[in-house]
Protein chains: 2
Amino acid sequence: MLMSIFMVECNLNILFSCAGRRKYLIDYFKAEPLFNGRLIGTDMSRTAPALAACDAWYEVPSIYDESYLDTVLDICKKEAVTALISLNDMELPILAANEKRFSDIGVRLVLAESAAIELCSDKWATVQFGLEHNIPVPASYLTVDSALTAIANHEVSYPLIVKPRWGSASFGLYVINADHELAEAFSTCKSEFLASHLAKFAGSDDLVLIQEFIVGDEYGVDIFNDMQGKYHGVVCKKKLSMRSGETDKAVTVNDAPFSYYAQQIATNLKHKGNLDCDFLERDNKMYLLELNPRFGGGYPFTHEAGGNFVKALLLSLLGRDNEIAINYRVGETFAKCDTLVAAR
Amino acid sequence: MLMSIFMVECNLNILFSCAGRRKYLIDYFKAEPLFNGRLIGTDMSRTAPALAACDAWYEVPSIYDESYLDTVLDICKKEAVTALISLNDMELPILAANEKRFSDIGVRLVLAESAAIELCSDKWATVQFGLEHNIPVPASYLTVDSALTAIANHEVSYPLIVKPRWGSASFGLYVINADHELAEAFSTCKSEFLASHLAKFAGSDDLVLIQEFIVGDEYGVDIFNDMQGKYHGVVCKKKLSMRSGETDKAVTVNDAPFSYYAQQIATNLKHKGNLDCDFLERDNKMYLLELNPRFGGGYPFTHEAGGNFVKALLLSLLGRDNEIAINYRVGETFAKCDTLVAAR
């Protein structure tokens, strides 16, 4: 009798919200010997490939629909969910703001806190974070005047990048090579941002970022914190090619150039689970470009090279943080390719 | 003794050139009980995922390098290749022009003839082909004047599409909503085309196509001809979403609206193996948009729904054309997702 109660308490049922294309992540959890529960997936579209790998799946409204949270909470109750992992940047702040409603029904959010999520989604705040914590960042400006002054003072030189302060790297990005192009790109970028679904992120009047364009190798870095927000390790990859805004080919590299920065990020942001970040290299110096406090499209390159954050997260969810060990093999190259799954 | 000679003659060793990301195609051949040979892959990059599935693989120069053909011919000799399948549009005319060098060493090209390849790569020729063979096509013009006259005469209305006459759908495409935008887009498109790697396709001074913009459901249609260029059947899919210029989600549909057009295309172009084409639907009428005489990114949706062109092609290569039967299940939805392979 005591035994069966113990087993019920140890069962992990994990909900992946906005599961989308990340079928590999569901497969990694399924393959983990530690895992003894059920995997539940939700998405706006029943044809999302990740749902095909889940033990149970639900087609849910848009994350912006007023019924969204209640729908997810109902699913959590029905499926006795114990932990929730979101795979959608836009959903993170919504979940974080409602953390108590989840904890009240026994669901732990594998998520950073609201302030950290906000910092990661705001590229200007990310730059300020880098400056405060001794992490190199590209020279950045919020106004055309301040950028032109910096150009005139030779503090920075063309090309510059103009991009929305919030949102993903591929949207509304302009490369600028001369003074006269700057103001027009800035105002076009601002209009496009305001017309987009990203507009709701705007927490300031300064909506557009002007940034030094660093040309060099790009690195993807996965940083693991346990469920107490304690840092355990980092896996570093050089990106070899991109496709649809995601890493398509990458090779694992030594973590030495990144380990101080990873510790700074992990101990200050205190995220839970994975935090995926991007660095650019120039003259042997690494510049922080972006922070994403969730499993990203580059995680499978970490996992396949032995950096098993899935096992680490399961250990933490089971209260066995002392057993977590993040290791990986350097010099392993992987490439993404397509497979087909039958839609639900 | 006689037996062993017979077996050697029946061995199919197939070379996939420019194998790229199409690992699924290699896997389909491997899984086919009929197949008794070896699969060889080539690519410019050793990290191409398809190479990971091949029995032998080679990193080769660019298809435009002067040593390219000799390199491929040497590989064919060394590996006793009996059939070659190219997965790169740009390579098709190069191979077709050198068909004899391959047949001289016993390699059969699974390929259309030069004239058909040229017709498929030239969107203006594709339109003329449609008009000649009773296949609806979008209204199309080679000059700004002829398009403006057609607009003035109400033969066509905005929006119009301006795009290069050769090349893939995603490159250098402009949507035009008013007379005054047309000339500028036309000249920008022309300059971009001439500055691109596509310029070598230009077989005429008319480099840019102005085309009616048909808004409606898009369909992918795979047409199978045997190695004698004889038509055997068609598989039709409605595209549900696209990603990086390829079909990402699709559902198989009844072939009735397409079967006459497929027969017209197959019997006139006499391609070998697969020909992948795109149609747009408006008011229950299907308009031919593009012809690609090769296995395309939409083929796995055909295969997974039972339209086994791989088996059909193997039967034809084995001289068993009379056993070919193209069938598929209608209403099956599939979605692409990512998996990782270790690079060679």
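Predicted, not measured: the structure shown is a model, and the values here were computed from it.

1. Here's the deal with the interface of chain B and chain A
Accessible area lost when the parts come together is the quantity often used to give the size of an interface.
Turning to step 1, where the next piece is worked out: Taken together, the contacts link 26 residues of chain B with 26 residues of chain A.
Turning to step 2, where the next piece is worked out: Here chain B and chain A share an interface that buries about 2,700 Å² over both sides, 54% of which is from carbon and sulfur atoms.
Turning to step 3, where the next piece is worked out: Taken as a group, B:Arg21, B:Cys337 and B:Leu340 account for 28% of the area that chain B buries against chain A, more than any other trio of residues on that side.
Turning to step 4, where the next piece is worked out: In this structure, the connection of chain B to chain A is made through six salt bridges.
Turning to step 5, where the next piece is worked out: The closest approach of N and O atoms between A:Arg21 and B:Asp248, which form a salt bridge, is 2.7 Å.

2. Here we look at the relation of the copies chain B and chain A
Turning to step 1, where the next piece is worked out: You can overlay chain B on chain A at an RMSD of 0.1 Å; the transform is a turn of 180° with a shift of 0.1 Å along its axis. Accordingly, the operation relating the two chain copies is best matched by a two-fold axis. When each C-alpha of chain B is compared by its distance to the rotation axis, B:Asp338 comes out closest, at 2.5 Å.
Turning to step 2, where the next piece is worked out: Same-surface contact between copies: 100% of interface residues of chain B are shared with the interface of chain A.

3. Quick word on the pairing of strand β2 (residues 39-43) of chain B
Residues and elements named next belong to chain B.
Turning to step 1, where the next piece is worked out: Extensive coverage of β2 is indicated by the burial of five of its five residues.
Turning to step 2, where the next piece is worked out: Judged by which residues are buried, β2 turns out to be covered on both faces: Leu39, Gly41 and Asp43 on one side and Ile40 and Thr42 on the other are all buried.
Turning to step 3, where the next piece is worked out: By the bridge criterion, three bridges tie strand β1 (residues 14-17) to β2 in an arrangement that is parallel. Looking across to β2, one finds that leucine 15 is bridged to isoleucine 40.
Turning to step 4, where the next piece is worked out: Handedness of the crossover joining β1 and β2 through helix α2 (residues 23-31): right-handed.
Turning to step 5, where the next piece is worked out: Relative to strand β3 (residues 56-59), β2 runs parallel, the two being bridged by four bridges. Note that in β3 the partner of aspartate 43 across the bridge is glutamate 59.

4. Focus on the packing of α2(B) against helix α12 (residues 309-317) of chain B
Residue and element names in this part refer to chain B.
Turning to step 1, where the next piece is worked out: Running from amino to carboxyl end, α2 crosses α12 at an angle of 60°, the nearest separation of the two axes being 9 Å. One element, α2, and the other, α12, form an angle in the oblique class. Crossing of α2 against α12: the hand is right-handed. Seen from α2, the contacting residues are Leu25, Tyr28 and Phe29; seen from α12, they are Val310, Leu313 and Leu314.
Turning to step 2, where the next piece is worked out: Classifying every residue of the contact of α2 with α12 gives six nonpolar, no polar and no charged.

5. Focus: the sheet that holds strand β7 (residues 160-164) of chain A
Residues and elements named next belong to chain A.
Turning to step 1, where the next piece is worked out: With antiparallel pairing, four strands are arranged side by side in an open sheet as β6-β9-β7-β8. A single partner strand is all that each edge strand has here, and the edge strands are β6 (140-141) and β8 (174-176).
Turning to step 2, where the next piece is worked out: In terms of strand pairing, β7 meets β8 through three bridges, oriented antiparallel. Across the sheet, the residue bridging to valine 162 is tyrosine 174, located in β8.

6. Considering the domain arrangement of chain A
Residue and element names in this part refer to chain A.
Turning to step 1, where the next piece is worked out: Assigned domains of chain A: these are domain 1 (2-111), domain 2 (139-212) and domain 3 (218-335).
Turning to step 2, where the next piece is worked out: One C-alpha centre belongs to domain 1, the other to domain 3; they are set 22 Å apart.
Turning to step 3, where the next piece is worked out: Of the roughly 2,000 Å² buried between domain 1 and domain 3 on both sides combined, carbon and sulfur atoms contribute 66%.
Turning to step 4, where the next piece is worked out: For domain 1, the biggest contributors to the area lost against domain 3 are Tyr28, Leu34 and Arg108; these three give 30% of the whole.

7. A look at unusual backbone geometry
Turning to step 1, where the next piece is worked out: That bond from A:Tyr158 to A:Pro159 is cis: its omega, 0°, falls within 30 degrees of zero.
Turning to step 2, where the next piece is worked out: Mapped onto the elements, A:Pro159 comes out in the loop between α8 (144-152) and β7.
Turning to step 3, where the next piece is worked out: At A:Asn284, a residue that is not glycine, the phi angle is positive and equals roughly 60°.
Turning to step 4, where the next piece is worked out: By the secondary structure assignment, A:Asn284 is in the loop between β13 (273-282) and β14 (285-292).
Turning to step 5, where the next piece is worked out: When its relative accessible area of 73% is taken as the criterion, A:Asn284 is described as exposed.
Turning to step 6, where the next piece is worked out: For B:His154, which is not glycine, the phi dihedral falls at a positive 60°.

8. A short note on α8(A)
Residue and element names in this part refer to chain A.
Turning to step 1, where the next piece is worked out: Listed as buried for α8 are Val144, Ala147, Ala150 and Ile151. The buried residues of α8 occupy one face: seen down the axis, they fall within an arc of 130°. In α8, those exposed residues whose orientation departs by more than 90 degrees from the buried face are Asp145 and Ala152.
Turning to step 2, where the next piece is worked out: On its buried side, α8 packs onto β6, β7, α9 (179-195) and β9 (208-212).
Turning to step 3, where the next piece is worked out: Backbone geometry just after α8 places histidine 154 at a positive phi near 60°.

9. Focus on the packing of helix α6 (residues 114-121) of chain B against helix α7 (residues 123-132) of chain B
All names here are of chain B.
Turning to step 1, where the next piece is worked out: Two numbers describe how α6 lies on α7: the axes approach to 5 Å, and their chain directions differ by 100°. In terms of their interaxial angle, α6 and α7 are classed as roughly perpendicular. Along its contact with α6, which presents Leu119, Cys120 and Ser121, the element α7 presents Lys123, Ala125, Thr126 and Phe129.
Turning to step 2, where the next piece is worked out: Looking at side-chain class alone, the contact of α6 with α7 contains four nonpolar, two polar and one charged residues.

10. A short note on the side chain of B:Thr302
Residue and element names in this part refer to chain B.
Turning to step 1, where the next piece is worked out: Position of threonine 302 relative to the elements: it lies in helix α11 (residues 299-304).
Turning to step 2, where the next piece is worked out: Residue threonine 302 is classed as buried on the basis of its relative accessible area of 0%.
Turning to step 3, where the next piece is worked out: When residues no more than four places from it in sequence are discounted, the contact partners of threonine 302 are Asp222, Val235, Lys237, Gly307 and Phe309.

Cut-offs used in this document
- Every residue gets a number counted from 1 within its own chain, in the order that chain's sequence is written.
- Ligands are numbered from 1 and chains lettered from A, in the order in which they are written.
- It should be noted that, the model being predicted, local features are given only for residues of pLDDT at least 70 and side-chain atom pairs only at 80 or more, the latter also being counted only at that level, while totals for whole chains, interfaces and linings use all residues.
- To obtain the side-chain values, all non-hydrogen atoms of the structure were used and water was disregarded.
- Note on definitions: a residue-residue contact is assigned when non-hydrogen atoms from the two residues lie within 4.5 Å.
- Defined in terms of a 1.4 Å probe, buried area is the accessible area two parts forfeit on being brought together, summed over both.
- Here, a salt bridge means any Lys or Arg side-chain nitrogen found within 4 Å of an Asp or Glu carboxyl oxygen.
- Here the copies are matched by least squares. The fit uses the C-alpha atoms of residues with pLDDT of at least 70 in both.
- Note on exposure labels: buried denotes an accessible area under 20% of the residue type's maximum, exposed denotes more than 50%, and partly exposed covers the range between, all computed with a 1.4 Å probe on protein chains only.
- Helix and strand definitions follow DSSP, with helices as H or I runs of at least four residues and strands as E runs of at least two, each counted in order from the N terminus.
- The rule for pairing is simple: two strands pair if DSSP sees at least two bridges between them.
- Throughout, right-handed denotes a crossover for which the path from the first strand over the helix to the second runs clockwise when the strands point away from the viewer.
- The axes are straight lines fitted to the C-alpha atoms, using for helices just the contacting stretch, and the angles between their N-to-C directions are given from 0 to 180°.
- Roughly parallel means an angle under 35 degrees; roughly antiparallel means over 145; roughly perpendicular covers 65 to 115; every other angle is labelled oblique.
- If you view the pair so one helix is near and one far, a crossing is left-handed when the near helix is turned anticlockwise from the far one by less than a right angle, and right-handed when it is turned clockwise.
- For this classification, the nonpolar set comprises Ala, Val, Leu, Ile, Met, Phe, Trp, Tyr, Cys and Pro, the charged set comprises Asp, Glu, Lys and Arg, and every other residue, Gly included, is treated as polar.
- Bear in mind that the domain bounds are from an automatic or database domain assignment.
- For this quantity, the arc is that covered by the directions from the helix axis to the C-beta atoms.

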